[in-house]
Amino acid sequence: MPGCFPAEPDSVSPSKSIFNIWLLGVKRLGWRFFLKERRIVQDYQLYQQILGIVGPWQVADVELRLEEGEVHVFLEHEAQAVWVCPECQAECPLYDHDSERSWRHLDTCQYRTILHAAPPRVRCPEHGVRVVRLPWAEPHSRFTALFERLAIDWLTAASQRAVADLLGLSWDEVHGIMQRAVERGLRRREREIIAYLGVDEKSFRKGHRYVTLVNDLTRGRVLYIADGRKQSSLDGFWATLTEKQRDGIAAVALDMSQPYEQSIRANLPQAAEKMVFDKFHVAKHLGDAVDKVRRAENKELLAENDERLKGTKYDWLKGREQFDLATWRAFCQLRRGNLRTSRAWALKEQAMKLWDFRYVEAARRHFNWWYRWATHSRLKPMIDEAQMLVRHLPNILTYLKHRITNATSESINAKIQWVKYTARGFRNPDNFKSAIYFHCGGLDLSPRAT
Ligand SMILES: [Zn+2]
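Figured I'd write up the structure that's included with this text. Here the structure is a predicted model, which means the values were calculated and not measured. (Residues numbered from 1 in each chain as written. Predicted model: local features only at pLDDT ≥ 70, side-chain atom pairs only at ≥ 80, totals over all residues. Heavy atoms only, no water.)

The secondary structure content of the protein chain amounts to 17 helices and 14 strands. Relative to its full complement of 450 residues, the protein chain shows a buried share of 43%. Taking as baseline every contact in the protein chain between residues at least 6 positions apart, the subset at least 24 positions apart corresponds to 60%. Surface summary for the protein chain: the accessible area is close to 26,000 Å², and the carbon and sulfur share equals 52%. (Helix = DSSP H or I, 4+ residues; strand = E, 2+ residues; numbered from the N terminus. Buried < 20%, exposed > 50% of the residue type's maximum accessible area, 1.4 Å probe, protein only. Contact = heavy atoms within 4.5 Å. Areas by Shrake-Rupley, 256 points an atom, 1.4 Å probe, with all protein chains shown as cover.)

Spelled out as structure tokens, the structure:
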């Protein structure tokens, strides 16, 4: 059947076929030489494009070190390039070159990619001999801006160890990238007015060391971190503010901690009207007092084989919403028994109603009534609390005007927990501090090359 089989090839004479083979060979070899030449040129251009290298810089050589899994890219600049002084941006003549430096760049495929160049130096009439700014990296960095950016993006989402493993970096390199990112971010921070601040302490290494945090309660970010929890720890913060910023502070939430209070009084105009003792800190104090009463009473009851208070610690501390109906009923039953713990609990509940008032005078009347009750309760821990609260009352009542608490920093606290959890490599508080700024500072961290 025609068309079912391929046509038989034409018979060719031997001399013609030899000529054809030679022609084919010449053509192929020729193309290959031509292509090879072209390919190298294209490689350089490709690298130039991939690496984002722009004039006057160009790729002069690419060296593939297969065994080390590295690509080394050597950069040179055009002879006629125009340079500017890094300080004043004035055009200056080329003076000489610094010794060759290298920068880790984004990997090309799976190859670790390293740029090499000798940074030019200019002689500025005003600033003398200076190294010019390079378009791919910030001064003193051993990484290109794109690589640092990648590392920063990873660090915002993964633990330091994971990023170190993933990118083949040492701890010191990871910390260096974070540290530089934080410095950059803090430099870029705008001098805007921040109306509501929260001052808080955080422990580093299980309560052995503390840092003081100043938070922007409106935007939920950390503004300032200092070692310790002394007056001097907070004092450093005020120096970072302009006068306008200082005047723009409407209120500061803080624990009833004397060192912080002293620092605020010494540095913030009209501090007395602007300090707000934190509601949840007061609640914690009262909760501790209730627990003291419960512990003492439980001991006495157990001596008489009465187990009513056994295992009830958290029932006296949690809110109504944390009970289901059945456990709430059982708890109410327990409260109705003639227990000292019940009275302490009722005192705590009534004290916390202060925060529900709209008017200061009504709140003050409520407090006076409560204070008389508390001080006549014959419950030593509650009397102590009442005396502490009466001393702090003016700045508890400022809440009714400003309505701020440190609970606004809950999202910050959650992040700090994450920082602690994922960065067990902290060898010193500086790394801990820079990690907090990095994750909770709301900073613009990315490097920008020129
Ligand atoms: Zn200059």
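On to the sheet that holds strand β2 (residues 70-77), then. Taken together, four strands build an open sheet; the order of strands is β1-β2-β7-β6 and the sheet is mixed. Single-partner strands in this sheet number two, and they are β1 (57-65) and β6 (101-108). Going from strand to strand, the sheet's axes swing by 25° on average, the running direction of each strand aside. Of the pairings in the sheet, the one linking β1 to β2 comprises eight bridges and is antiparallel in character. Following the sheet pairing, Asp61 is matched in β2 by Phe74. (Pairing = 2+ DSSP bridges. Axes fitted to C-alpha atoms, helices over the stretch in contact; angles between N-to-C directions.)

This part covers the packing of helix α3 (residues 160-167) against helix α4 (residues 171-188). Running from N to C, α3 and α4 point in directions that differ by 110°, and their axes come no closer than 9 Å. Put simply, α3 runs roughly perpendicular to α4. At the point where α3 passes α4, the crossing takes the right-handed sense. Here α3 contributes Gln160, Arg161 and Ala164 to the contact with α4, which in turn contributes Trp171, Val174, His175 and Met178. For the contact of α3 with α4, the per-class residue count stands at four nonpolar, two polar and one charged. (Parallel < 35°, antiparallel > 145°, perpendicular 65-115°, else oblique. Left-handed = near helix turned anticlockwise from the far one by under 90°. Nonpolar A, V, L, I, M, F, W, Y, C, P; charged D, E, K, R; others polar.)

Looking at the zinc ion, one finds its protein donor set to be Cys85 (SG), Cys88 (SG), Cys124 (SG) and His127 (ND1), positioned 2.1 to 2.3 Å from the metal centre. One can describe the site at the zinc ion as tetrahedral: its four donor atoms subtend angles covering 106 to 113° at the metal. The sequence motif formed by the donor residues of the zinc ion is C-x2-C-x35-C-x2-H. On the criterion of sequence distance, the pair formed by Cys88 in the loop between β3 (83-84) and β4 (91-92) and His127 in the loop between β8 (120-124) and β9 (128-131) is long-range, its members being 39 residues apart. (Donors = N, O, S within 2.8 Å, 3.2 Å for Na, K, Ca; no water. Tetrahedral: all angles 85-135°; square planar, octahedral: opposite > 155°, others 65-115°.)

Our focus in this paragraph is the environment of His285. Tracing the backbone through its elements, the reader meets His285 in helix α9 (residues 279-303). On the basis of relative accessibility, which here comes to 23%, the residue His285 falls in the partly exposed class. Counting along the chain gives 97 residues from His285 to Met382, while the straight-line C-alpha distance between them is 9.8 Å. Look past the residues within four positions of His285 in its chain and what remains in contact with it is Met256, Glu385 and Met388.

The next point concerns helix α16 (residues 410-422). Here α16 is 13 residues long and its end C-alpha atoms lie 18 Å apart, about the 18 Å a rise of 1.5 Å per residue gives. Along α16, the residues classified as buried are Ile412, Asn413, Ile416, Val419 and Thr422. Against the buried residues of α16 lie α3, β10 (196-204), β11 (209-216), β12 (221-227) and α17 (429-440). (Expected span 1.5 Å × (residues − 1).)

Pairing within the open sheet is mixed, and its five strands lie in the order β12-β11-β10-β13-β14. Both outer strands of the open sheet, β12 and β14 (275-277), are each paired with one neighbouring strand and no more. Averaged over all pairs of adjacent strands, the angle between strand axes in this sheet comes to 25°, irrespective of strand direction. Examined bridge by bridge, β10 and strand β13 (residues 251-254) share three bridges and lie parallel to one another.

On to the environment of Phe280. Here Phe280 is to be found in helix α9. When residues no more than four places from it in sequence are discounted, the contact partners of Phe280 are Thr405 and Ala407.

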